[in-house]
2 protein chains.
Amino acid sequence: MVKSGRFYDIRLANDDDWAGIWPFLSEIVRAGETYTWRTDVTEQQARARWLLPRPWRVFVAVTPDGRVIGTAKVGPNQDGPGDHIANASFMVDPRNTGGGVGRALAEHVLEAARRDGYRAMQFNAVVETNTRAVALWQSLGFEILATIPEAFRHPTNGLVGLNVMYRKL
Amino acid sequence: MVKSGRFYDIRLANDDDWAGIWPFLSEIVRAGETYTWRTDVTEQQARARWLLPRPWRVFVAVTPDGRVIGTAKVGPNQDGPGDHIANASFMVDPRNTGGGVGRALAEHVLEAARRDGYRAMQFNAVVETNTRAVALWQSLGFEILATIPEAFRHPTNGLVGLNVMYRKL
């Protein structure tokens, strides 16, 4: 699906996109500053954890020359009687942050979640020192419901909190 | 490990215990009142979801005649830089609630989590109408950090909140 006014498209990911996702996803995870993933995650584990089957949807932001510069996934935050609240995760190539890719992916994911019938969206673990992400979610209507104290071992900031963030859809 | 003054032991679960767990675990899950699991979960899915490999620990409460009357699991609430906060889940045979099995399992799990070096314990989704569980956790030092509004579809109470609960260890 081409969106005008941007130099990239956002569309559903396919298996072939993984080769374009892994280089920056691995960089982000290995940095250990924003994700509660093992920093030594293998490519196979990461792929299984990111390219989730339905009801999850995985998106990529792709430049006209076919380069993946960001990705997002959205699905149920809980199962069964809790599956009407969505969860989502985002990874943007560090060489492209600040260009609005994260915000465009977020808006795309919010729209997809609405279309899928979710009533709200919840993030369980937004690192409080990831101020760019926290500010982005707040600007998109998310509020911090709680901060789990000292729940994240940041490589330079030490023990920092994890924000539980939420917005209705 | 035998504890005196009780008519049951609490010990690590083994594969053979599943046959004793599944009857009441399935009853609890199918009731759809307290767990964010699909109520139509298959036995195979439930087993994979409950008998988790290390670093998770799974316990059972067993009567002298070998009947499993409760079970609990404890492990990391998040991975990687978030794996120092524990998560835990509890299932007590409805024919044995009120007899202190839940509290005994909870105390056992808190002790195991401390021994494993976790700094705190977090529950992500305690159904707010599950007042017995909420009261038990509060009596054991947990506080409600947030209630995710309308995050659980209760079969008789409609949309109710999910409590995020937390205590240091």
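Below is a summary of the structure that appears in this document. Just so we're clear, the structure is a prediction, and the values are computed from it rather than from any experiment. (Residues numbered from 1 in each chain as written. Chains lettered and ligands numbered in written order. Predicted model: local features only at pLDDT ≥ 70, side-chain atom pairs only at ≥ 80, totals over all residues.)

## A few points about the overall build of chain A
As a reminder of what qualifies: Each helix is a run of DSSP H or I of at least 4 residues and each strand a run of E of at least 2, with the numbering of both proceeding from the N terminus. Both definitions apply: the radius of gyration is a C-alpha atom measure, and the globule rule equals 2.2 Å times residues to the power 0.38. Between the buried cut of 20 or more and the exposed cut of 12 or fewer other C-beta atoms within 10 Å of a residue's own C-beta lies the partly exposed class, and all C-beta atoms are placed from the backbone. For every residue pair, C-beta atoms are placed from the backbone, and the pair is scored as a contact if these atoms sit within 7 Å.
The helix and strand tally for chain A stands at 4 helices and 7 strands. The C-alpha radius of gyration of chain A comes to 15 Å, within 12% of the 15 Å expected for a compact globule of 169 residues. When the 169 residues of chain A are sorted by exposure, 36% land in the buried category. Put simply, of all contacts in chain A between residues at least 6 apart along the chain, 56% involve residues at least 24 apart.

## Points about the pairing of strand β3 (residues 68–76) of chain B
Residues in a regular strand point their side chains to alternate faces of the sheet. Residues and elements named next belong to chain B. What counts is decided by this rule: In this analysis, strands are considered paired if DSSP registers two or more bridges between them.
Relative to β3, strand β2 (residues 57–62) runs antiparallel, the two sharing 6 bridges. Residue pairing across strands places A61 opposite G70, the latter belonging to β3. Two successive antiparallel strands, β2 and β3, enclose a turn made up of 5 residues, where G66 displays a positive phi of approximately 90°. Of the strand pairs in this sheet, β3 and strand β4 (residues 85–92) are connected by 7 bridges, and their pairing is antiparallel. By the bridge assignment for β4, V74 is matched with A88.

## Let's talk about the sheet that holds strand β6 (residues 143–154) of chain A
Residues and elements named next belong to chain A. Our working definition: For every element, the axis is a line fit to its C-alpha atoms; helices are fit only across the contacting stretch, and the angle between N-to-C directions ranges from 0 to 180 degrees.
The strand order across the open sheet formed by 7 strands is β1-β2-β3-β4-β5-β7-β6, and the pairing between neighbours is mixed. Edge positions in the sheet fall to β1 (9–12) and β6, since each has one partner strand and no second. When the angles between neighbouring strand axes are averaged without regard to direction, this sheet yields 25°. The sheet strands contacting helix α3 (residues 101–115) are β1, β2 (57–62), β3 (68–76), β4 (85–92) and β5 (120–127), and the helix crosses β3 at an angle near 30°. The strands touched by helix α4 (residues 131–139) within the sheet are β5 and β7 (158–168), with β5 carrying the most contacts at an inclination of about 165°.

## A closer look at the sheet that holds β3(B)
Residues and elements named next belong to chain B. Here 7 strands make up an open sheet; going across it, the order is β1-β2-β3-β4-β5-β7-β6 and the pairing mixed. The outermost strands of the open sheet, each flanked by one partner alone, are β1 (9–12) and β6 (143–154). Looking at each pair of strands side by side, their axes are set apart by 25° on average, direction ignored. In terms of strand pairing, strand β5 (residues 120–127) meets strand β7 (residues 158–168) through 6 bridges, oriented antiparallel. Paired with A120 across the bridge in β7 is K168.

## Some points on the interface of chain A and chain B
Counting residues at the interface gives 27 residues for chain A and 27 residues for chain B. It is β6(A) that contributes the most residues to the side of chain A that touches chain B, 8 residues altogether.

## What about the relation of the copies chain A and chain B?
Two copies of the chain are present, and they differ by a rotation about an axis and a shift along that axis. Cut-off, in case you're wondering: Superposing the copies works by least squares over the C-alpha atoms of residues that have pLDDT at least 70 in both of them.
Rotating chain A by 180° about the axis while translating it 0.0 Å along that axis superimposes it on chain B, leaving an RMSD of 0.0 Å. In short, the pair behaves as if placed about a two-fold rotation axis. Every residue of chain A has its C-alpha some distance from the rotation axis, and the shortest such distance is that of A:A146, at 2.8 Å. Most of the interface of chain A is mirrored in chain B, where 100% of its interface residues are also at the interface.

## Focus on the environment of A:P23
Looking at where A:P23 falls in the secondary structure, it is placed in helix α1 (residues 18–31). C-alpha separation for the pair A:P23 and A:R114, spaced 91 residues apart in sequence, amounts to 30 Å.

## Overview of the environment of B:I69
Residue and element names in this part refer to chain B. Note on placement: I69 falls in strand β3. A residue is classified by how many C-beta atoms lie within 10 Å of it, and I69, with 22 of them, is buried. Between the alpha carbons of I69 and D93 there is a distance of 5.2 Å; along the sequence they are 24 residues apart. Beyond its immediate chain neighbours, meaning those up to four positions away, I69 contacts Y8, A61, T63, V92, D93, N96 and V101.

## What to know about the packing of helix α1 (residues 18–31) of chain B against helix α2 (residues 43–50) of chain B
Residues and elements named next belong to chain B. The line we're drawing: When describing relative orientation, an angle under 35 degrees is termed roughly parallel and one over 145 degrees roughly antiparallel, while 65 to 115 degrees is termed roughly perpendicular and anything else oblique.
It is the contact of α1 with α2, at a shortest axis distance of 11 Å, that shows an interaxial angle of 105°. Between α1 and α2, the interaxial angle falls into the category roughly perpendicular. In contact with W18, I21, W22, L25, S26 and V29 of α1, α2 contributes E43, A46, R47 and W50.

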